[in-house]
Amino acid sequence: MHVVFMGPPGSGKGTQATRLARHLGIVHLSTGDMLRQAKRAGTPLGLEAASYMDQGHLAPDALVVQVLIDRILEPDCANGALLDGFPRTIKQAVALDEHLQQADRRLDVVIELEVDEDELISRLMSRGERDNRVDDNLETIRRRLEVYQRQTTPLRGYYVNQHRLAKVDGAGTMDEVFDRILAVLPEKEGQCVG
Ligand code: ADP
């Protein structure tokens, strides 16, 4: 199964995505994690990405598409993957559709976690203190939320038109949210919701 996981920063996207990938037995690909790893390794790509990430801006489409597509075409993703934080722009979504189609694969469902903004800010501020993430400070958080609204929200329309979007209320405990996610999954591989 191929699943895209969308949600604003602080929505619990990473946590739920990890759990869902394990549940479905598919590879979990987080572009945020991949870019942070490249930054730590000090590769030219990682350093270029970091100059955007650390400010709360999106990394360039071409760079992220290359990283993600190279990875999703590896053999361990042949049965599917859970994409966490990708696509984040219409251009990325179009590139993903094209590459999957060439490989005779397609997206089954796009899950979007919804959480209100005050809750997002308070969750991100406490994560910043706990995990020491450079981009979890008030100014950068506000920019990431604004970037999400401006660049990622338009993806909703794209996936609604494809009848693939499933919205999930992200308020409540981790278990409550996870149960809601399971409820919107397509019943069988290859079948789509909506
Ligand atoms: P969050 O959604 O909580 O901000 P992520 O770990 O998903 O965290 O992403 C962190 C940063 O990595 C983003 O703010 C952005 O700079 C970069 N990034 C991750 N995925 C993408 C993507 N698909 N396109 C562009 N930039 C990305």
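Above this text you will find the structure in question.
Residues numbered from 1 in each chain as written. Predicted model: local features only at pLDDT ≥ 70, side-chain atom pairs only at ≥ 80, totals over all residues. Heavy atoms only, no water.

J.: Describe in detail the overall build of the protein, supporting the description with residues and values.
T.: Per the secondary structure count, the protein includes 9 helices and 5 strands. Listed N to C, the secondary structure of the protein is β-α-β-α-α-α-β-α-β-α-α-α-β-α in terms of helices and strands. The C-alpha radius of gyration computed for the protein amounts to 16 Å, which stays within 12% of the reference 16 Å derived for 194 residues, consistent with globular compactness. Seen along its three principal axes, the alpha-carbon backbone of the protein occupies a region of about 40 × 40 × 30 Å. Burial status across the protein gives 48% buried among its 194 residues. Here the protein displays about 9800 Å² of accessible surface, and carbon together with sulfur accounts for 49% of that area. (Helix = DSSP H or I, 4+ residues; strand = E, 2+ residues; numbered from the N terminus. Rg over C-alpha atoms; globule rule 2.2 N^0.38 Å. Buried < 20%, exposed > 50% of the residue type's maximum accessible area, 1.4 Å probe, protein only. Areas by Shrake-Rupley, 256 points an atom, 1.4 Å probe, with all protein chains shown as cover.)

J.: Can you explain the site of the ligand? Please cite residues and give values.
T.: Around the ligand sit 18 residues in total, of which Thr-31, His-57, Gly-85, Arg-88 and Gln-92 are the nearest. Here Lys-13 contributes a side-chain N or O atom positioned 3.1 Å from an oxygen atom of the ligand. The contact in question runs from an oxygen atom of the ligand to an N or O atom on the side chain of Arg-133, over 3.3 Å. If one sorts the elements of the shell around the ligand by residue count, helix α2 (residues 31–41) sits on top with 4 residues. Its residues assigned to classes, the shell around the ligand comprises 7 nonpolar, 5 polar and 6 charged. (Near = heavy atom within 4 Å. Polar contact = N/O pair within 3.5 Å; in protein donor to acceptor, adjacent residues only side chain to side chain. Nonpolar A, V, L, I, M, F, W, Y, C, P; charged D, E, K, R; others polar.)

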